[in-house]
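Examining the three-dimensional arrangement
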Amino acid sequence: MSYTKFNRIFYKLINTILVILIGISLFFSLQSDILSIDKLTNLFIKFLFYFFIVLFISILFVKKKYLKSILIGLHKQESYIFWILFLSVFLYQVFLLHYLKASPNFDAGGLLSGIDHPKAANMSNYLSSNKNNRFIYFLNFFIGQLFGTDIKTFQFINILFIMASTLLTKIVGTKLFESTTTGYFAASLFMFYSGVQPLFLVPYTDTYCILPMLISILFLLIGFQSSTRTHISLYLLLSGIFFSICYLIRPSAIIFGIAIFMFILVNLKQPKVKQFIFWGIPSFLISMITVLFTFNIFISNQNIIRIDQSKEIPLTHFILLGSYGNPDIKDSLHGTWNQADVDLTLQQKSKSAMINVDLNAFSERTKQRGFSKTIKFYLQKYSNITDTGVIGYHRDGLWTKFKYDKNNTLVYKIQQIYSDHGIFRPNFNFIIQIIWLFTLFFMLCGLLKTPTWQFSVVSLTLFGGLLFLLIFESGGTKYLFQYIPFICFLSAVGFVQSANKFLKKANYKFNPNKPGIFQWQSVDDVFLMVVD
């Protein structure tokens, strides 16, 4: 695709903004109390001591040519390594599902308990107010009708969603950047953040939204790469269906759609973009509107739960929640749920009254802080969102409660690794944080290079997501998870670029079109794979 001067400036601007944001994230991540050694166990500190000794000796004495040989060897076997990791992580999650004995709390737990006992869980009032959780409730309701309502059933289905999302991350990364290595690396990173961390314990919108989001992106990408009008219309029709499902599960997860729209605006003169708009966008809009309209009809006519749509909480409420917190206290929550703001909104008699009181409260809160403290607050909030790869357990919690086994048993010790206040949890967090630092580092490596349109679209999506989290309710890394695939894409590109630079003198380059296991050679093959 040819670039105009405006295109290049636009892409460079987006990458520069993201360089600043990721640089700030790295700065805060290096200060995170997760890296503090005071909570680490003695055995883990010994392990770290010997590990760094071995690392120091390796750097000092091992020649570069051996390191290059290892990297080349790993690259040649990347497909086998990935599928071994994929199977291992799946079995690992199934093992944890059997032994952890943990169930979800708060909204996730309430929605699941409300399937069997809607009146006891006060589902009518909850779903009347919280429009964003209606789809996931009825999705779980129908899953319960088919497979039963045991919590472990939903947790296992959540594992399937996570692993399917991992495969979609691999496919989208490979197709978008035309590199199997980028796809494998991005998927492996995503698998680490979503699978190694037991997010499956909480079947909620955080994990449910990723699969339809990636499927929608895949069909958008295939449609854009297609040359025939029929294929463009068909793929965009399918993309619109999954886009609307993603929106119904978690509205904030559709930021990529805004990024695509902006990409289209700055490339209107491109013939391929014109074809995409003329034959694809109408199909996309028709399918999206049809799904949303159908679900609204279902809500109005279903008799499972009585829903009063006049009680819906407006979007302004989440802006108010996003402004809550004390900028002078680092370890407090910033921009998260709080009872006072919720009560203020729900006490109003109409939606218009809710909007007015929310906006007035937000304006008053901001005026009282003043300019400098407002900047300080949102920096604190940004730190809360991005200073660690530990999803959920840091600050906001993962919404789980454990039924602990007897002391000193193997099951009890396993639970102590994953529970919020487990003895071994800080060790686990420390390892995740080290991987997170490398993830951010490789993102910066990629962002500092000349941007391509593919890279810039992903950058724009992540920028939009971070901006959304700054403005609206967030306050912790659990909210960042919906954008983790885009972080993984950018980090994977940076890794491939760094590896190619390291191997330059060895006359070896990671082949962007190198085939591997389950590698599809055409967009139609990808489509048939997904349908089958």
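Attention here is on the structure that accompanies the text.

Conventions we followed
Residues numbered from 1 in each chain as written. Predicted model: local features only at pLDDT ≥ 70, side-chain atom pairs only at ≥ 80, totals over all residues. Heavy atoms only, no water. Helix = DSSP H or I, 4+ residues; strand = E, 2+ residues; numbered from the N terminus. Buried < 20%, exposed > 50% of the residue type's maximum accessible area, 1.4 Å probe, protein only. Contact = heavy atoms within 4.5 Å. Core = buried A, V, L, I, M, F, W, Y, C linked by side-chain atoms within 4.5 Å. Expected span 1.5 Å × (residues − 1). Phe/Tyr/Trp six-rings, centres within 6.5 Å; stacked < 30°, edge-to-face > 60°. Lys NZ or Arg CZ within 6 Å of the ring centre and 35° of its normal.

Here we take up the environment of Ala164. Its location among the elements puts Ala164 in helix H8 (residues 151-177). Residue class for Ala164 comes out partly exposed when judged on its relative accessible area of 24%. When the C-alpha positions of Ala164 and Phe402 are compared, they lie 27 Å apart, and in sequence the two are 238 residues distant.

The subject of this paragraph is the environment of Leu214. By secondary structure assignment, the location of Leu214 is in helix H11 (residues 210-225). Counting along the chain gives 25 residues from Leu214 to Ser239, while the straight-line C-alpha distance between them is 9.6 Å. Residues within four places of Leu214 in sequence aside, it is in contact with Ser165, Leu168, Thr169, Val172 and Pro485.

When you line up the elements, Ser287 lands in helix H14 (residues 271-301). Apart from the residues lying within four places of it in its own chain, the contact partners of Ser287 are Leu236, Leu237, Gly240 and Ile241.

A separate point is the nonpolar core. Membership of the largest hydrophobic core comes to 129 residues, with the highest contact counts inside it found for Tyr137, Met213, Leu462 and Ile484. Here the element with the most residues in this core is H11; it accounts for 12 residues. Counting residues in hydrophobic clusters, the runner-up holds 10 residues, among them Phe495, Val496, Ala499 and Leu503.

The phi dihedral of Glu178 falls on the positive side, at around 50 degrees, and the residue is not glycine. Checked against the element boundaries, Glu178 lands in the loop between H8 and helix H9 (180-196). Among the residues examined, Glu178 registers a relative accessible area of 47% and is labelled partly exposed. Positive phi values are uncommon outside glycine, yet Asn408 reaches one of about 70 degrees. A relative accessible area of 65% places Asn408 in the exposed class.

Here the focus is helix H7 (residues 134-147). Taking 1.5 Å of rise per residue, the 14 residues of H7 would be expected to cover 20 Å, and the 20 Å separating its terminal C-alpha atoms lies within 8% of that figure. Along H7, the positions that sit buried rather than exposed are Arg134, Phe135, Ile136, Tyr137, Phe138, Asn140, Phe141, Ile143 and Gly144. Once H7 finishes, Gly148 follows within two positions and takes phi at roughly 95 degrees, a positive value.

As a further point, take helix H5 (residues 106-116). Of all the residues in H5, the buried ones are Ala108, Gly109, Leu111, Leu112, Gly114 and Ile115. If you follow the buried residues of H5, they end up packed against strand E1 (102-104), helix H6 (123-129), H7 and H8.

The final tally for this structure, using the stated rule, is 46 aromatic pairs. A ring pair is formed by Phe141 and Phe142, whose centres lie 5.4 Å apart and whose planes are at 85 degrees; its orientation type is edge-to-face. Judged by relative accessible area, which is 13%, Phe141 ranks as buried. An aromatic cluster is present here, built from Phe135, Tyr137, Phe138, Phe141, Phe142, Phe295 and Phe298 joined pairwise through their rings. Residue placement shows Lys170 over the ring face of Tyr184; its charged tip is 4.8 Å from the ring centre. The aromatic ring of Phe377 is capped on one face by Arg369, whose charged end is 4.0 Å from the ring centroid.

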